[in-house]
Amino acid sequence: MIIDEAKITIKAGDGGDGGIFFRHEKYVPKGGPDGGDGGNGGNVFIKASRHIDDLTEYVRKRKIFAEDGQNGMKQKMFGKKGQDLILNVPLGTQVYENNQLLFDLTEDEKKILIAKGGSGGWGNCHFATSIKQAPEWAKEGLPGEKKKIRLELKMIADVGLVGLPNAGKSTLLSVISNARPKVADYPFTTIEPNLGVVRAENRSIIVADIPGLIEGASDGKGLGTKFLKHIERTRTILHLVDVSGLDPWRDYHTVRDELKKFSEKLAKKPELVVLSKIELIPDKEIKKIVNKFKKHKINTILISAATHSGIDALIYDIIKHIS
Ligand SMILES: Nc1nc2c(ncn2[C@@H]2O[C@H](COP(=O)(O)OP(=O)(O)OP(=O)(O)O)[C@@H](O)[C@H]2O)c(=O)[nH]1
Ligand SMILES: [Mg+2]
C-alpha cells in the first residue's frame, strides 16, 4: 500500500550551555575565566529523493529529534555541535504546518531547513571585564525549533488516466509502459494508484493509473475521489471511455462531472479523450460515437489495448501534447 500521508513531530537540537570554568594556575587560586561556548544544536532538514517511494518510514517513526549541542568546556573548548538530521522523502512531498503549505518538494535532491538548531551559549570567557575578572556566569544554550508537520505525497506524473471502472485504464498502462498493474473484468480492480514509465522518442513519460470513478464518487461512492489528488499535478488527463458500454457519451460526462466536483483546476486541465476496446463493436457504431463527440468539438483517439490498434498513434499524441 502506498502511504501518502504522515504526521510527525520534529525537534532540532538545543544549543549547549556556555561553560563556567577558571584557569588553574600555580599559586593562583582562581585564574581567568576559560569556559568555552556551547555547541549549536543539530538542524533538521527535509530532502526530496526520487529513490523513495512513499512515507512509510514516517508512519513508523513519528517523533524525530536532532542531537543537542554539548556544553562548553574548560580551556575555552567549544562544545561539540549536534549532528544535523536529514529526512529523506519522496519527490512530490508537500510539507504542511497548521494546514498551511510550507514547502512543495518538486525538485529531486532539493533540501530545505525545517527546524533550526538552538545556538550554543557563550562561555564565561566572554564575560570578563576589568571590574569583574572572574565572572561566574555564562549563557545557556537556546532551545532548538520544534514543529508538528504533516507530510503529504502528491505524485508528479505527466499524464493521469481517468475513466469509469473497467474502462481499460490499467490494461492500457500495461501496454504502453513498464508497469504491470492488475487487470480484471470487474470494477475497482485498481485500488491503489500505479505509475508507469512510457519510453518513446528518447523521452520518458510518467503515467499514473488510478482507481475508476463512478457517479457520486465525489460523495464517497465507490472508492471516492481521494485518488484524484494524485493527478492534480499532471499536465494532461487521458480520459478513457469504453466504446462497448451502453452509452459512452453519458459515461464520458459522468466522469467529467466528478472531475469538476473534485476541483475546477483539475477539470480545466488539457484532456485527451481516448475511446477504448474498439475491436468489440462494428466500425459503423464507432463512427456514430466519434461523431457525437465531434459535434461537441471533442476530438477522440481510437484504440484497442487488446489488438494494439491505435497504440503507437496514441503515444505519439501524448508526446505531442506534453511537449
Ligand atoms: N476486448 C477488450 N477488452 C479490454 C481491452 N482493454 C481492457 N480490456 C478488458 O477490460 C477489463 C477491465 O480492464 P482494466 O484494465 O482492469 O480496467 P480499469 O479501467 O483499470 O478498471 P478499474 O481498475 O476497475 O478502474 C479487463 O477484463 C480487460 O481485459 C480491449 O482493448 N479490448
Ligand atoms: Mg485498473
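What you see is a predicted model, and the numbers here were worked out from it, not measured in a lab.

Draft legend 1. Examining the site of ligand 1 more closely. Looking at ligand 1, there are 23 residues lining it, with K169, T171, F188, T190 and E279 nearest. Interatomic distance of 2.9 Å between a backbone N/O atom of G168 and an oxygen atom of ligand 1. Within the side chain of K277, one N or O atom sits 3.0 Å away from an oxygen atom of ligand 1. Here ligand 1 loses 87% of its free accessible area of 650 Å² to cover by the protein chains. Each residue belonging to the shell around ligand 1 can be placed in one class, and the counts come to eleven nonpolar, eight polar and four charged.

Draft legend 2. Region of the structure containing the environment of V59. Positionally, V59 belongs in helix α1 (residues 57–60). For V59, a relative accessible area of 32% puts it in the partly exposed group. Sequence spacing of V59 and H296 is 237 residues, and the spatial spacing of their C-alpha atoms is 48 Å. For V59, the residues in contact, after removing those within four places along its chain, are I3, E5 and A6.

Draft legend 3. Quick look at the sheet that holds strand β5 (residues 93–97). Taking strand neighbours across the sheet as the criterion, the five strands line up as β3-β1-β8-β5-β6 in an open arrangement whose pairing is mixed. The open sheet has two free edges, formed respectively by β3 (63–65) and β6 (100–105), since each of these has just one partner strand. Along the sheet, successive strands turn relative to each other by an average axial angle of 30 degrees, direction set aside.

Draft legend 4. The arrangement of the domain arrangement of the chain in detail. Split into domains, the chain comes out as domain 1 (5–153) and domain 2 (159–322). Computed from C-alpha atoms alone, the centre-to-centre distance between domain 1 and domain 2 is 49 Å.

Draft legend 5. Representation of a nonpolar patch on the surface in the model. A cluster of nonpolar side chains, contributed by F21, M73 and M77, occupies part of the molecular surface with about 240 Å² of accessible area. The partly exposed category is assigned to F21, whose relative accessible area is 31%.

Draft legend 6. Structural view of the packing of helix α3 (residues 248–262) against helix α5 (residues 283–295). Look at α3 against α5: their axes get within 10 Å of each other, and the N-to-C directions meet at 45 degrees. Relative to α5, α3 is oriented oblique. Across the interface between the two elements, P248, W249 and Y252 of α3 pack against I289, K292 and F293 of α5. Looking at the contact of α3 with α5, its residues break down into five nonpolar, no polar and one charged.

Draft legend 7. How the structure looks around the sheet that holds strand β4 (residues 85–90). Here three strands make up an open sheet; going across it, the order is β4-β2-β7 and the pairing mixed. Sheet topology places β4 and β7 (111–115) at the edges, where each strand pairs with a single neighbour. For this sheet, the mean angle separating the axes of adjacent strands, direction not counted, is 30 degrees. In this structure, strand β2 (residues 44–49) lies alongside β7, joined through four bridges in antiparallel fashion.

Draft legend 8. View of the packing of aromatic side chains. Counting across every chain of the model gives four aromatic pairs. Taken together through their ring pairs, the aromatic side chains of W249, Y252 and F293 make up a single cluster. Sitting over the face of the ring of F45, K111 holds its NZ or CZ atom 4.4 Å from the ring centroid. Between the NZ or CZ atom of R150 and the centre of the ring of Y96, over which it lies, the distance is 4.4 Å.

Criteria and cut-off values
- Residues numbered from 1 in each chain as written.
- Chains lettered and ligands numbered in written order.
- Predicted model: local features only at pLDDT ≥ 70, side-chain atom pairs only at ≥ 80, totals over all residues.
- Heavy atoms only, no water.
- Near = heavy atom within 4 Å.
- Polar contact = N/O pair within 3.5 Å; in protein donor to acceptor, adjacent residues only side chain to side chain.
- Areas by Shrake-Rupley, 256 points an atom, 1.4 Å probe, with all protein chains shown as cover.
- Nonpolar A, V, L, I, M, F, W, Y, C, P; charged D, E, K, R; others polar.
- Helix = DSSP H or I, 4+ residues; strand = E, 2+ residues; numbered from the N terminus.
- Buried < 20%, exposed > 50% of the residue type's maximum accessible area, 1.4 Å probe, protein only.
- Contact = heavy atoms within 4.5 Å.
- Pairing = 2+ DSSP bridges.
- Axes fitted to C-alpha atoms, helices over the stretch in contact; angles between N-to-C directions.
- Domains from an automatic or database assignment.
- Patch = residues over 30% accessible without salt bridge, like charges linked within 9 Å, V, L, I, M, F, W, Y side chains within 5 Å.
- Salt bridge = Lys/Arg side-chain N within 4 Å of Asp/Glu carboxyl O.
- Parallel < 35°, antiparallel > 145°, perpendicular 65-115°, else oblique.
- Phe/Tyr/Trp six-rings, centres within 6.5 Å; stacked < 30°, edge-to-face > 60°.
- Lys NZ or Arg CZ within 6 Å of the ring centre and 35° of its normal.

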